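Observations on chain architecture
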Amino acid sequence: MTHKKFEEEVNTLKNFFECYCKDKHENAEIKTTTLEYQSKIFYLELHLCDECQRGIYYSFSKLQNCPHEIKPRCRKCPTPCYEKKEWKETARIMIYSAVKLSLSIMKNRIKNVFS
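Notes on the structure follow. Since we're looking at a predicted model, the values are computed, not measured.

Thresholds, definitions, all that
- Starting afresh in each chain, residues are numbered from 1 along the sequence in its written order.
- The predicted nature of this model means local features are confined to residues of pLDDT at least 70 and side-chain atom pairs, given and counted, to a pLDDT of 80 or more, with totals for whole chains, interfaces and linings taken over all residues.
- Side-chain measures were taken over the full set of non-hydrogen atoms in the model, leaving aside hydrogen atoms and water.
- Criterion used throughout: strands pair if DSSP finds at least two bridges between them.
- Under the DSSP-based scheme used, a helix requires at least four consecutive residues in state H or I and a strand at least two consecutive residues in state E, with every element numbered from the N terminus.
- The term nonpolar core refers to a set of buried residues drawn from Ala, Val, Leu, Ile, Met, Phe, Trp, Tyr and Cys, joined through side-chain atoms within 4.5 Å.
- Throughout this description, buried means an accessible area under 20% of the type-specific maximum (1.4 Å probe, protein chains only), exposed means over 50%, and partly exposed covers the range between.
- A contact between two residues is defined here by any heavy atoms of the two lying within 4.5 Å.

Quick look at the pairing of strand S1 (residues 29-37)
Side-chain direction in a regular strand flips from residue to residue, so the side chains alternate between the two faces of the sheet. Two elements, S1 and strand S2 (residues 40-48), share nine bridges in a ladder whose sense is antiparallel. By the bridge assignment for S2, leucine 35 is matched with phenylalanine 42. The turn linking S1 back onto S2 is made up of two residues, and glutamine 38 within it adopts a positive phi angle of 50 degrees.

Structure below.
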């Protein structure tokens, strides 16, 4: 996986987890974290509660260790690496956030049409 693809995947996870945490949890904290992928360092500022931080760090570790040169979507991966419990939790967060963010984008487009 290229550095650009890795960064896109990390930012997608960050956006989804932050959207979910903002809506569902109260005690989010801002923490800066660093990720290393193929000798390149990525800096992230995460606004998450402890529970969501554990989930996103788990996802980051799986992403960093992905054995595929061309990364497939995790749900279609021939060699899934997530534990079943963590996979279900991450999938729940991703579905919730995808719907929420999609509705937000549609709402903004409609506002722009009528303004």
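Brief notes about the nonpolar core
With 20 residues, the main nonpolar core has Phe6 and Phe60 as its most contacted residues. When contributions to this core are tallied by element, the ones reaching two or more residues are helix H1 (3-24), S1, S2 and helix H2 (50-64). The dominant element in this core, judged by the number of residues it contributes, is H1, at six residues. Not counting residues up to four positions away in its chain, the partners in contact with phenylalanine 60 are Val10, Leu13, Leu35, Leu44 and Leu46.

Observations concerning the environment of cysteine 49
Locating cysteine 49 in the fold gives a position in the loop between S2 and H2. Each C-alpha atom of the pair cysteine 49 and lysine 4 lies 27 Å from the other, and the pair is 45 residues apart in sequence. Those residues in contact with cysteine 49 that lie beyond four places of it in its chain are Cys21, His25, Asn27, Ala28 and Glu29.

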